[in-house]
Amino acid sequence: MVDARVLMGKPVARALNDATFERSHEYEQINKRKPCLAVITVDDPASRSYLKTIKSTARKTGCEVQEISLKPTADIPGMRQIINPLNDDPGIDGILVQMPLPKGINLHDAGLAINSNKDVDGISPYQAGLLFKSAKNALIPPTARAVMEILDFYQIGLSGQEVIIVGRSLVVGKPLGLLMVGRNATLTWCHSRTRSLPMVCKRADVLVGALGKARFLDSNYLRPGATVVDVGINVDEDGKLAGDVDVQNIQSIVAAYTPVPGGVGPVTSACLYANLLDAANAALIPIS
Ligand code: NAP
């Protein structure tokens, strides 16, 4: 078999960021300010690293970032006290509440607190509802949007294809499944209770790893010629960054795969800003 195609994220992210830059320039001409993203963050190594990427993508896309810190001890009313003024601030176009959240707050609480028109992470019930209805103006969770952008960029069609997604979280597996069914894929969601996981995964034309277990999916889970999308970002026992897919083990049998790092990751932050511009421009349309 010929070498697998490596579906690099960088060119996809660059194309998206360039398009967003054009849109934010246009936005600035009209509104005399740059589109602005508020990022609410609890100080933690993982959020610090993502925040660095968020700030660097802001520069590439001509957007601004306002960083607001949330105490690790904050409760739901405390979080709302921070989010409410941002919800009402006309100078803020999008709000992102970074993971990990304080102990007493979950993703659903955060989604309920955010003005859904500014919900660039797609975690509010309103945005999830739009996605459920396949509405074109839904703000889609950036990671799910990123996977679709990668498949589109590399012209990997989904219609009639058997897609298996391992993972059913609110921000990755579930929204991605809805998007793929919207493109006429035949979809199976797998999770921690799925029986005979290797056998189910072996059916996939497109296999998506979104379970958060370093190098879990190896050749036992893949049929020759499949396309593999690796969403996982994990740190293995040796402290090394690893995806959910064991790339060394599958490289010779698959048709194409996204690497970690350098695959879905860079495209995710590009999609966050594409969402910011979608939110900012939607706010300009008068409600009649
Ligand atoms: P999550 O909320 O922990 O969800 C993990 C999902 O995987 C759950 O549905 C869980 O099943 C399933 N799962 C866990 N262990 C399994 C197993 N042994 N067999 C089958 N299914 C299993 O994680 P997430 O937020 O979706 O993130 C998933 C991965 O993507 C993580 O590595 C995360 O760091 C990464 N991520 C990457 C990006 C990016 O930009 N590339 C963005 C977000 C997340 P149950 O529902 O049954 O518990």
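See the structure above.
Throughout what follows, the structure given in this document is the object of discussion.

How each quantity is defined
Residues numbered from 1 in each chain as written. Predicted model: local features only at pLDDT ≥ 70, side-chain atom pairs only at ≥ 80, totals over all residues. Heavy atoms only, no water. Helix = DSSP H or I, 4+ residues; strand = E, 2+ residues; numbered from the N terminus. Buried < 20%, exposed > 50% of the residue type's maximum accessible area, 1.4 Å probe, protein only. Contact = heavy atoms within 4.5 Å. Pairing = 2+ DSSP bridges. Axes fitted to C-alpha atoms, helices over the stretch in contact; angles between N-to-C directions. Parallel < 35°, antiparallel > 145°, perpendicular 65-115°, else oblique. Left-handed = near helix turned anticlockwise from the far one by under 90°.

Observations concerning unusual backbone geometry
Phase 1 of the analysis: Of note, the bond from Met99 into Pro100 is cis; its omega dihedral lies within 30 degrees of zero at -5°.
Phase 2 of the analysis: Structurally, the position occupied by Pro100 is in the loop between strand E4 (94-97) and helix H4 (107-113).
Phase 3 of the analysis: The linkage connecting Val260 with the following residue, Pro261, adopts the cis geometry, with an omega of 0°.
Phase 4 of the analysis: Looking at where Pro261 falls in the secondary structure, it is placed in the loop between strand E11 (256-257) and helix H10 (264-282).
Phase 5 of the analysis: At Asn184, a residue that is not glycine, the phi angle is positive and equals roughly 70°.
Phase 6 of the analysis: One non-glycine residue, Ser196, lies in positive phi territory at about 50°.

Remarks on the side chain of Thr20
Phase 1 of the analysis: By the secondary structure assignment, Thr20 is in helix H1 (residues 10-31).
Phase 2 of the analysis: Classification of Thr20 as buried rests on a relative accessible area of 2%.
Phase 3 of the analysis: Sequence-distant contacts of Thr20, defined by excluding residues within four places in its chain, comprise Thr61, Tyr273, Ala274 and Leu277.

Some words on the sheet that holds strand E6 (residues 186-190)
Pairing between the strands of a sheet comes from backbone hydrogen bonds, and it takes one of two forms, parallel or antiparallel.
Phase 1 of the analysis: Strand order in the open sheet made by the six strands is E1-E11-E8-E7-E5-E6, with parallel pairing throughout. At either end of the open sheet lies a strand with only one pairing partner, and these are strand E1 (5-6) and E6.
Phase 2 of the analysis: Of the pairings in the sheet, the one linking E1 to E11 comprises two bridges and is parallel in character. Bridge pairing links Val6 to Tyr257 in E11.

Brief notes about the packing of helix H6 (residues 142-153) against helix H7 (residues 173-182)
Phase 1 of the analysis: Their axes nearest at 8 Å, the elements H6 and H7 cross at an angle of 40°. The pairing of H6 with H7 is recorded here as oblique in orientation. The element H6 and its partner H7 pack so that their crossing is right-handed. Contacts between H6 and H7 involve Ala144, Arg145, Val147, Met148 and Leu151 from the first element and Pro175, Leu176, Leu179 and Met180 from the second.

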